[in-house]
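Results of the structural survey
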Amino acid sequence: MHLEVNKKLFARSDRVKSVDFHPTEPWVLAGLYNGTVQIYNHETGAVIKTFEVADVPVRCVHFVARKQWFVAGSDDFQLRAFNYNTHEKVAAFEAHPDYIRCLTVHPSLPLVLTGSDDMTIRAWDWEKGWKCVQVYEGHTHFIMALAINPKDANTFASACLDRTVKVWSFGSSHPNFTLDAHEKGVNYVSYYHGGEKPYMITSGDDRLVKVWDYHSKSAVQSLEGHTANASFAIFHPSLPVIISGSEDGLVKIWHANTYRLENTINYALERAWCVSSRKGSNDVALGFDDGLVVIKLGREEPTFSLDHAGKLVYIQGSEVLSVNLQTAQDEEVVDGQRLSPMSKELGAVEVYASTMIHSPNGRFVTVCGDGEYVIYTALAWRNKAFGNGTSFAWAGDSNTYAVVEGKTKIRVFKNFKEKTGAGWTGLKGAGSWAVSNVFGGVLLGAVGPGFVVFWDWESGEIVRRMEVDAKEVIWSSTGTLVAIIAEDSFYVLSFSRDAYNARLEKGEEITDEGVEEAFDVIAEISEKVKTAKWLGECFMYTTAGNRLNYLVGTQPQTVNTFETPMYLVGYMPTQNRVYVADKDMNLYTFSLSVSYIDYQSAALRGDMEAANEILPSIPTEMRNKLARFLDSQNLKEQALELTTDPDHKFELAISLNNIESALDIARSTPAPENEAKWKLVGDRALATWKFDLAKECFDNAGDVSSLFLLHLATGDKTALAQLALTAETKGLNNIALASLLQLGNPQACVDLLVKTDRIPEAAMFARTYTPSAVPKTVEIWKEDLKSKNRSKLAETIANPETNPEVFDEGWEAALEKEAAALNLHSDALTNGAA
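Residues numbered from 1 in each chain as written. Predicted model: local features only at pLDDT ≥ 70, side-chain atom pairs only at ≥ 80, totals over all residues. Heavy atoms only, no water.

This brings us to the overall build of the protein. Along its length, the protein carries 17 helices and 55 strands. For a compact globule of 834 residues, the expected C-alpha radius of gyration is about 28 Å, and the protein comes in at 41 Å, more than 25% above that figure. Expressed as lengths along the three principal axes of its C-alpha atoms, the size of the protein is roughly 125 × 90 × 45 Å. In the protein, which comprises 834 residues, the proportion classed as buried is 51%. Taking the intrachain contacts of the protein between residues at least 6 apart in sequence as the baseline, contacts between residues at least 24 apart amount to 43%. Carbon and sulfur atoms make up 48% of the accessible area of the protein, which totals about 38,300 Å². Both charge centroids of the protein, one from 79 positive and one from 108 negative side chains, sit 5 Å from each other. (Helix = DSSP H or I, 4+ residues; strand = E, 2+ residues; numbered from the N terminus. Rg over C-alpha atoms; globule rule 2.2 N^0.38 Å. Buried < 20%, exposed > 50% of the residue type's maximum accessible area, 1.4 Å probe, protein only. Contact = heavy atoms within 4.5 Å. Areas by Shrake-Rupley, 256 points an atom, 1.4 Å probe, with all protein chains shown as cover. Lys, Arg positive; Asp, Glu negative; His and termini not counted. Charge placed at Lys NZ, Arg CZ, Asp CG, Glu CD.)

Further remarks concern the packing of helix H9 (residues 691-701) against helix H10 (residues 704-714). Packing of H9 against H10 leaves a shortest axis separation of 9 Å and a crossing angle of 150°. Taken together, the axis directions place H9 and H10 in an arrangement best described as roughly antiparallel. Read as a crossing pair, H9 and H10 show a hand that is left-handed. In this structure, H9 uses Phe691, Ala694, Lys695, Phe698 and Asp699 to contact H10, whose residues at the interface are Ser706, Leu707, Leu710, His711 and Thr714. Across the contact of H9 with H10, the residue classes tally to five nonpolar, three polar and two charged. (Axes fitted to C-alpha atoms, helices over the stretch in contact; angles between N-to-C directions. Parallel < 35°, antiparallel > 145°, perpendicular 65-115°, else oblique. Left-handed = near helix turned anticlockwise from the far one by under 90°. Nonpolar A, V, L, I, M, F, W, Y, C, P; charged D, E, K, R; others polar.)

In this section: a nonpolar patch on the surface. Together, Leu686, Trp689 and Phe691 make up a nonpolar patch on the protein surface, roughly 340 Å² of accessible area in all. When you line up the elements, Phe691 lands in helix H9. A relative accessible area of 34% means that Phe691 is categorised as partly exposed. (Patch = residues over 30% accessible without salt bridge, like charges linked within 9 Å, V, L, I, M, F, W, Y side chains within 5 Å. Salt bridge = Lys/Arg side-chain N within 4 Å of Asp/Glu carboxyl O.)

Here we come to the pattern of salt bridges. Under the counting rule described, the total for this entry stands at 33 salt bridges. Across the pair Lys414 and Asp397 runs a salt bridge whose closest N-O atoms are separated by 3.5 Å. Highlighted residues: Lys414 in strand S39 (residues 409-414) and Asp397 in the loop between strand S37 (391-394) and strand S38 (400-405), separated in sequence by 17 residues. On the basis of relative accessible area, Lys414 is assigned to the partly exposed category, the value being 31%.

Another aspect to go through is the sheet that holds strand S55 (residues 587-591). Ordered in space as S53-S54-S55, the three strands form an open sheet in which the pairing is antiparallel. The open sheet has two edge strands with one neighbour each: strand S53 (567-572) and S55. The average angle at which neighbouring strand axes cross in this sheet is 25°, direction not considered. Two elements, strand S54 (residues 577-581) and S55, share five bridges in a ladder whose sense is antiparallel. The partner of Ala581 across the bridge, within S55, is Leu587. (Pairing = 2+ DSSP bridges.)

Next up on the list: unusual backbone geometry. Positive phi, normally seen in glycine, also occurs at Phe77, with a value near 75°. With respect to the element layout, Phe77 can be found in the loop between strand S7 (69-74) and strand S8 (78-83). Its relative accessible area of 25% is what places Phe77 among the partly exposed residues. Positive phi, close to 60°, is recorded for Trp130, a residue that is not glycine. With respect to the helices and strands, Trp130 occurs in the loop between strand S12 (120-125) and strand S13 (131-137). The class of Trp130 is buried, set by a relative accessible area of 10%.

Along its 13 residues, helix H8 (residues 675-687) runs 18 Å from first to last C-alpha, staying within 8% of the 18 Å computed at 1.5 Å per residue. Lys677, Trp678, Val681, Gly682 and Ala685 are the residues of H8 that are buried. Axial view of H8: buried residues confined to an arc of 135°, hence all on one face. Those residues of H8 that are exposed and aimed more than 90 degrees away from the buried face are Ala676 and Ala687. (Expected span 1.5 Å × (residues − 1). Arc of directions from axis to C-beta.)

Looking now at the environment of Leu743. Inspection of the secondary structure puts Leu743 in the loop between helix H12 (733-742) and helix H13 (746-755). Accessibility expressed as a relative area gives 22% for Leu743, which makes it partly exposed. Separated by 52 residues in sequence, Leu743 and Phe691 place their C-alpha atoms 20 Å apart. Discounting residues that sit within four places of it in the chain, Leu743 has contacts with Lys717, Leu720 and Ala721.

This part is about the packing of aromatic side chains. Under the defined criterion, the tally for this structure stands at 43 aromatic pairs. Ring pairing ties together the aromatic residues Phe364, Tyr373, Phe392, Trp394, Tyr401, Phe413 and Phe416, which thus form one cluster. Over the ring of Trp273 we find Lys17, and its NZ or CZ is 3.7 Å from the ring centre. The ring centre of Trp424 lies 4.2 Å from the NZ or CZ of Lys419, which sits over that ring. (Phe/Tyr/Trp six-rings, centres within 6.5 Å; stacked < 30°, edge-to-face > 60°. Lys NZ or Arg CZ within 6 Å of the ring centre and 35° of its normal.)

This part covers the packing of helix H11 (residues 717-729) against H12. Running from N to C, H11 and H12 point in directions that differ by 155°, and their axes come no closer than 8 Å. Overall, the two elements H11 and H12 adopt an arrangement that is roughly antiparallel. Where H11 crosses over H12, the handedness of that crossing is left-handed. Residues Leu720, Leu723, Ala724, Ala727 and Glu728 of H11 touch H12, and the partners they reach there are Asn733, Ile735, Ala736, Ser739, Leu740 and Gln742.

Here we come to the pairing of S53. With six of six residues buried, S53 lies mostly within the body of the structure. Sheet analysis places S53 next to S54, joined by five bridges and oriented antiparallel. Across the sheet, residue Gly570 finds its bridge partner in S54, namely Tyr579. Between S53 and the antiparallel strand that follows it, S54, lie four residues; Asn576 among them carries a positive phi value of about 55°.

Strand order in the open sheet formed by four strands is S22-S23-S24-S25, with antiparallel pairing between adjacent strands. Of all strands in the sheet, those with a lone pairing partner are strand S22 (230-235) and strand S25 (261-266), marking the two edges. Here the average twist between neighbouring strands, direction ignored, is 15°. Here five bridges tie strand S24 (residues 250-255) to S25, and the two strands are oriented antiparallel to one another. Bridge pairing links Trp254 to Leu261 in S25.

Relative to the assigned elements, Val133 resides in strand S13. Considered as a pair, Val133 and Ala81 are 52 residues apart in the sequence and their alpha carbons are 18 Å apart. Filtering out sequence-adjacent residues up to four positions away, Val133 remains in contact with Leu111, Ala123, Asp125 and Lys128.

We now examine the side chain of Thr104. With respect to the element layout, Thr104 can be found in strand S10 (residues 100-105). With relative accessibility at 9%, the residue Thr104 sits in the buried group. With sequence-adjacent residues up to four places away left out, Thr104 is seen in contact with His62, Leu111, Val112, Leu113, Leu146 and Ile148.

Note that strand S20 (residues 209-213) and strand S21 (residues 218-223) share five bridges and pair antiparallel. Within the sheet, the bridge partner assigned to Lys210 lies in S21 and is Ser222. If you look at the hairpin formed by S20 and S21, you'll find four residues sitting between the two strands, and Lys217 has a positive phi there, around 55°.

A few words on helix H14 (residues 759-769). For H14, the set of buried residues is Ile759, Ala762, Ala763, Phe765 and Ala766. In a view along the axis of H14, the buried residues occupy a sector of 165°, so they form one face of it. Exposed and facing more than 90 degrees away from the buried side of H14 are Met764 and Thr768. For H14, the elements touching its buried residues are H12, H13 and helix H15 (774-787).

Next comes the structure, spelled out in structure tokens:
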């Protein structure tokens, strides 16, 4: 089994006696020998919370996520519960008269089970004030571990140093049965999570790990390999592996089906004491004398394959299930909605599957894993062929395939027999390069360190060898396009069979580099691709940034953004829908029309004639989205013709200076939503010297500022006077004041300032522009100050009628000039009337 082990968290600390994962947060809980409990973020490696629980060792901890608690048992006989958000101690009491070695929490009932050196197990109900509701007796030594059966939450098992494992029911104080499990003390017991095997696993001081069938009460397998007391052993909840740890400091990974030792890990942290696995994830936490380690086993990507008819086959555990996507959705399905299709069980696989591939015609499915490949019939799930191989690829005829054996050997089969015959000498150059994976399609592709090579399936000749660090090669169904996926980018290339054949016809020698002109690079996109497929000639992919994209020309377009990683399942052209799945194979779907993509491609090529031919086949509800795309490509006229969204149509009309269309939309939009539209049309009209239209637009928009500038520029005094009244009514007093000032009516300006309680400004304005209004304005000012109990300040203000000595310099001349100006203005009005 090729199972990568990636270290996520490595934290040195005091001896770790117990660990537990939070079910939803990225947290791992650690109980330490020094009496401390710590919560780590296993994504960042940071200690986010620390609790000083006791002065003695804390031997067992467990999250109670539904209460936002954790519970801890320690050597001072106390069971404690803490709120991990507020640090509040929820409960603390003596649960046993001796060390508490282990505990577990019921998945649904308000119960905590504790096991102690007093040789009893006790059940505590927190909804009854932490009352002890049951005592389980029968063991004759220290109780080391407790485990609730995940398939029957009414039963649990206990491991004890009396060399036995007992299985209990919650309602009975006596065990259901006892297993004489080991020749020495039993340190750990755990259940198998899958549905098909009634198994439990134990580890003991006899250095053995044992698998048991608890129905037949018999040992299934003994795993030997540890050189000291075996501290723990668990079945991983989602991977077909067993993880065991020992006081020899080693953690061993065993195949859960073959029981073969697959890997041994040594982190040099002295003795291994405890373990926890995270449900729904491949993460495992391990506790040692000198610290805590969190590892991720393998990959979390689901293993699945979709054939051309919509039959989805996927693997969960070792079970093979199928779903027909043709019938998977309801008529009223909403984009992004999780589907609940009926799945059908096909059979099982005996290997840990790393890849699953349908043959092009859909008749066969190949499963690769554990260094082997098995070809099954797709309908009956019968074994058709098998062999050794780490990677597998189908040719387009569904009768030819290639298998990688070891590092350099590639074998090609035809009709399920290794290919031989006249003219076939094997793949040219194969065996001289280290190859990690092969990929099927119109050509056989292979990737190795720093290169990609393509062979012709029939002749075995090299078509092209390229220097690129690639991890995957994906051919389009037409065989004219290929995507080469690198770590942080991908390339799209076109393939010309004619260019390759032309070189062959010339009789020129083709080197190991192949024919350079057979491939042309179309696009290089700097995005990290997770999963990808071709939809005709459209390349669709999911990214490391959790987006579902497709490539049009050289421009990525986003279909949807996800909160969690999603994997591209495929496309159903009869439904115009694309399907994605999460790591647990929950299916989601989104609408996407192929004709929509073809239209985009034609538009980018500048072939609008072809695009218009495609247009009738595009669903009406997607027209506005297509118009937005055309707008983004600066094809605004085409977008204006296509869109039915009034707001978008208005934006396009404005950007194209199509004032007539914009005016029609503004007139048809109800108030007050149309004010912004009228303003924009008015600005465009003003820019093209259409003053009458601009006035209409600004009037409808209620834009007094623009109207002020327009009337001022055109010298329309009547309109300006009306604007002053309108602005005053709307409370836009500055515009009203400016209008009155431009009309040469200073008395009206003074009156407006007084009316708006700007009396000091009114007095200053009158002193400058209309001296005859000063006495009256000053008196109003003084009366206003007195009403505000500021009489002393009012007395300091001079009035030219009562204090003429203050106004002796130029005051009379100012009054004369004002009178002359009024007479001149009156004569002008009279002459104008005559």
